[in-house]
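So the chains spell out like this:
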Amino acid sequence: MTTIEFFEKPGCSTNTKQVASLRAAGCEVAPRSLLAHPWTADSLLAFLAPHPSPAWFNRAAPRVKSGEIDPEALSRDEALAVLLAEPLLIRRPLIRIGDTHLLGFEPAAIAASLGRPSEGFLATPPGEGCSHKPDTPPCGSGGPG
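Residues numbered from 1 in each chain as written. Predicted model: local features only at pLDDT ≥ 70, side-chain atom pairs only at ≥ 80, totals over all residues. Heavy atoms only, no water.

**Notes on the overall build of the chain**
What counts, and what does not: Comment: elements are numbered from the N terminus, with helices defined as DSSP H or I runs of at least four residues and strands as E runs of at least two. With a 1.4 Å probe rolled over the protein chains alone, any residue whose accessible area is under 20% of its type maximum counts as buried; one over 50% counts as exposed, and the rest are partly exposed. Contacts are assigned to residue pairs that have any heavy atoms within 4.5 Å of one another. Every accessible area reported is derived by Shrake-Rupley at a probe size of 1.4 Å, with residue values counting cover from the shown protein chains alone.
Per the secondary structure count, the chain includes 5 helices and 4 strands. A burial count over the chain gives 38% of its 145 residues as buried. Contacts spanning at least 24 positions in sequence make up 63% of the contacts within the chain whose residues lie at least 6 apart. When the accessible surface of the chain is split by element, carbon and sulfur atoms take 55% of a total near 7,300 Å².

**Remarks on the sheet that holds strand 1 (residues 3-8)**
Basically, it comes down to this: When DSSP locates at least two bridges between a pair of strands, those strands are taken to pair. Between N-to-C directions, angles cover 0 to 180 degrees, with each direction set by a line fitted to C-alpha atoms, over the stretch in contact for helices.
The mixed open sheet is built from 4 strands, whose spatial order is 2-1-3-4. A strand with exactly one partner marks an edge of an open sheet, and here the two such strands are strand 2 (28-33) and strand 4 (100-103). For this sheet the average axis-to-axis angle between neighbouring strands, irrespective of direction, equals 20°. Where strand 3 (residues 94-97) meets strand 4, 4 bridges bridge the pair, whose relative direction is antiparallel.

**A short note on the pattern of salt bridges**
A side chain of one charge can pair with a side chain of the opposite charge if their charged atoms are brought near each other. Filter applied, for reference: Each reported salt bridge corresponds to a side-chain nitrogen of Lys or Arg within 4 Å of a carboxyl oxygen of Asp or Glu.
As enumerated under the stated definition, the model contains 6 salt bridges in all. Salt bridges here are not isolated pairs; linked through shared partners, they connect E5, R32 and R96.

**A few points about the nonpolar core**
Stated precisely, the cut-off is as follows: Only buried residues count toward a nonpolar core. Its members are Ala, Val, Leu, Ile, Met, Phe, Trp, Tyr and Cys residues joined through side-chain atoms within 4.5 Å.
Counting residues in each nonpolar core, the largest one holds 18 residues, and the members touching the most others are L44, W56, F57, L83 and L94. Those residues in contact with L94 that lie beyond four places of it in its chain are E5, F6, F7, L34, W39, L44, F47, L102 and L103. In terms of nonpolar packing, the next biggest core, distinct from the first, is built from 15 residues, V29, I95, F105 and I110 among them.

**With respect to the confidence of the model for the chain**
Just so we agree on the cut-off: Along the chain, pLDDT gives the predictor's confidence residue by residue, from 0 to 100.
In the predicted model, the chain carries a mean pLDDT of 89, and the fraction of residues at 70 or more is 85%. This model gives residues 131-138 a pLDDT under 50, and the stretch forms 11 contacts once residues within four places in sequence are excluded.

See the structure below:
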């Protein structure tokens, strides 16, 4: 069975739901910390390069939500430098299946990478975005999320 390397923010409730949905579909998942991984420009670009640089950013990250960082205003090189310096800003999850690198949680792309039909692959795909409860600290504040 092919293992899905799943780069997540530890403690993120959305990432936890995504991993659970993949396991429920019979997938072998190896969670990895997106924040602790020793990223290089090349290793991160393997996931990011096929996409426009504004799509590389986690839109729920506090510095992006507040407007402090405007992904549309950054060049590709500037965006990469910002993400390498602060991995919390990377859109997640990053998924590696063999030689395939995926940005974000897209069930059809995951199914295709596994050689499985996308129809019915995940019973209830959890999607992306922050799903922490309103009474918990937001992402980036040190709490879960």
